[in-house]
Amino acid sequence: MNIFLRTVLFFIALISSGCMANTKDTSFQSFWTEFRAAAIKNDYATLEKLTKFPLEVRGVHDSVPIEYVRKDEFKEIFNKLMEQKIYPVQDEELVLTSMKTIVNNTELAPDAKNDEEYRIEQLVFEYIDGRWLFTNAYLEE
Amino acid sequence: MRIAIREKGQEEFKGKNHNPVIIKYHASTSLKAKTDEIPWCSSFVNWVMQQAKIQGTNSAAAASWLNWGEQTTAKAGAITIIRNGAAANSSLTSSGNHVGFLVKETATHYELLGGNQSNMVRVTLFPKSSWTLRGYRWPKKSEEAV
């Protein structure tokens, strides 16, 4: 293969990998926008479509049995998740609020720690079979 | 406390990968664990102390803080050791003890900023109905950071 062709192929590979990465990030933001809007409106039908069932709900440690939440139990658990007290950091101070307020105020998805999973406080989202889904959560009481 | 607050959000990685920041916390103890699956609450407190230039316990055991520094009251920032026998051998604690920094004590809860709480650095409200206070500790005057 001549050097020109190799260079062209290298740049095509580079550009396409960059595009794929961007597509993935963008898709979480659009997922989050839809999820957040549904959470704010208490639109459980849309939230259920964006959730993988059974939804796994964990406690503060793994001696608390994982609760496997079915679709018909979702509304009750989701409301409990939203009512949880959360301490986000504002100006290097801890400020008490609720998960619902965090969702309301988080318009832009935060940077992911890795590209397979996003965690926004007590809500965890995973990239499964080409789409983002709400897969598990932490409920500390 | 500010050092601990800045770490809020550090979390365990899913699967075989381990968060290098949590491994860094572990490096502040003699255990020097290489995985984020080993309970890391005490490692986190030791690491925070190290950053503040205060000698910690160098131990990965939460109970090691019971004899550290001096006894204090329920004031913000106090190193707080609590125990729940039902939590023993869990992701949070092998012994049932847990350690973190007190944010607030209410009539019903110990609110602690700590590591390994729902697998991350965060504030958790530990209900008094299941968690017993073992001690509030504070650095001795001579050890306090300047």
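Remember, predicted model here, so these are calculated numbers, not experimental data. (Residues numbered from 1 in each chain as written. Chains lettered and ligands numbered in written order. Predicted model: local features only at pLDDT ≥ 70, side-chain atom pairs only at ≥ 80, totals over all residues. Heavy atoms only, no water.)

**Section: the environment of Ile102 of chain A**
All names here are of chain A.
- Note on placement: Ile102 falls in helix α4 (residues 99–105).
- Looking at Ile102, the relative accessible area reads 9%, which means it is buried.
- In sequence terms Ile102 and Ile120 are 18 residues apart; their C-alpha atoms lie 8.6 Å from each other.
- Beyond its immediate stretch of four places on either side in the chain, Ile102 contacts Ile86, Pro88, Thr97, Ile120 and Glu121. (Helix = DSSP H or I, 4+ residues; strand = E, 2+ residues; numbered from the N terminus. Buried < 20%, exposed > 50% of the residue type's maximum accessible area, 1.4 Å probe, protein only. Contact = heavy atoms within 4.5 Å.)

**Comments concerning the nonpolar core**
Residues and elements named next belong to chain A.
- In this structure, Phe28, Phe35, Phe78, Leu123, Phe125 and Phe134 are the most contacted members of the largest nonpolar core, which totals 30 residues.
- Elements represented by at least two residues in this core include exactly α1 (3–40), α2 (44–49), β1 (51–58), α3 (74–83), α4, β7 (117–120), β8 (123–128) and β9 (131–138).
- Tallying contributions element by element places α1 first for this core, with six residues.
- Once you skip the residues sitting within four places of it in the chain, Phe78 turns out to touch Phe35, Ala39, Tyr44, Leu47 and Phe134. (Core = buried A, V, L, I, M, F, W, Y, C linked by side-chain atoms within 4.5 Å.)

**Quick look at unusual backbone geometry**
Residues and elements named next belong to chain A.
- Residue Pro54 is reached from Phe53 by a cis peptide bond, and omega for that bond is -5 degrees.
- Here Pro54 is to be found in strand β1.
- Unusually for a residue other than glycine, Glu92 sits at a positive phi of about 65 degrees.
- Assignment of secondary structure puts Glu92 in the loop between β4 (89–90) and β5 (93–94).
- The phi dihedral of Asp129 is positive, around 50 degrees, even though this residue is not glycine.
- Tracing the backbone through its elements, the reader meets Asp129 in the loop between β8 and β9.
- By relative accessible area, Asp129 is classed as exposed at 77%.

**Description of the confidence of the model for chain B**
- When pLDDT is averaged along chain B, the result is 90; 97% of the residues meet or exceed 70.
- Across the assembled chains, the prediction reports ipTM 0.80 with pTM 0.82. (pLDDT = per-residue confidence, 0-100.)

**Here we look at helix α3 (residues 41–51) of chain B**
All names here are of chain B.
- With respect to burial, α3 is a largely interior element, nine of its 11 residues being buried.
- Buried within α3 we find Cys41, Ser42, Ser43, Phe44, Val45, Asn46, Trp47, Val48 and Met49.
- The inward-facing, buried residues of α3 abut α1 (2–6), α2 (20–26), β2 (79–83), β3 (97–105), β4 (109–117) and β5 (120–127).
- Immediately downstream of α3, the backbone of Lys53 shows phi near 60 degrees, a positive value.

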